[in-house]
Amino acid sequence: MKEKEVEIDWEGKKAKVLLRKLSYGDRNECLRKATKINPMTQSGELDPYTFNENRLLKAVKSGPWGAVLTLETVKQFEPEVGDYLVSEIDKLNELDAEIIKKSSDPSAPSA
């Protein structure tokens, strides 16, 4: 699994955070946990805050807060730290441009 180390400001000091790429199942689990179904309309609504919190819990392998990242700790992040880590998770989970090109080109040989 692909990993990436990033640096954040934590309690006035620079600290390292290790992120991992989410699997397809991990991402879908985060989506399921963040989706609320309205039984009257039979429609779903994604809560982006819950989605991001769950992605942080799944993708962060280690950091300066101790052994295990908890939802309580995530909710206490400085906004800049949370936003930065979410943006780094997004970058880590982007599809490779070459893979996208091949999948949209019917003449390209399959991998």
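Residues numbered from 1 in each chain as written. Predicted model: local features only at pLDDT ≥ 70, side-chain atom pairs only at ≥ 80, totals over all residues. Heavy atoms only, no water.

1. Here's the deal with the pattern of salt bridges
Selection rule: A pairing counts as a salt bridge when a side-chain nitrogen of Lys or Arg comes within 4 Å of a carboxyl oxygen of Asp or Glu. Burial status follows relative accessibility: with a 1.4 Å probe on protein chains alone, a residue under 20% of its type maximum counts as buried, one over 50% as exposed, and anything between as partly exposed. Runs of E in the DSSP output that reach at least two residues are strands. Runs of H or I that reach at least four are helices, and both are numbered from the N terminus.
Evaluation of the coordinates by the stated rule reveals 10 salt bridges. For Arg20, the salt bridge identified is with Asp26, shortest N-O distance 2.7 Å. Both residues of the pair, Arg20 and Asp26, count as buried. Lys33 is paired through a salt bridge with Glu29; the nearest N and O atoms lie 3.1 Å apart. With a gap of four residues between them, Lys33 and Glu29 both fall in helix 1 (residues 24–34), about one helical turn apart. Looking at Lys33, the relative accessible area reads 44%, which means it is partly exposed.

2. Some points on the environment of Cys30
Definition in use: Residues count as neighbours in contact if any of their non-hydrogen atoms are within 4.5 Å of one another.
Summarising the element assignment, Cys30 is placed in helix 1. We classify Cys30 as buried; its relative accessible area is 1%. In sequence terms Cys30 and Leu56 are 26 residues apart; their C-alpha atoms lie 9.6 Å from each other. Not counting chain neighbours up to four residues away, the residues in contact with Cys30 comprise Phe51, Asn54, Arg55 and Lys58.

3. Re the environment of Leu85
Looking at the element boundaries, Leu85 is found in helix 4 (residues 79–92). Of the residues examined, Leu85 reaches a relative accessible area of 0% and is grouped as buried. Between the C-alpha atom of Leu85 and that of Glu7, which follows or precedes it by 78 residues, the distance is 9.3 Å. Setting aside anything within four residues of it in sequence, one finds Leu85 in contact with Val6, Ile8, Val17, Leu19, Leu56 and Phe77.

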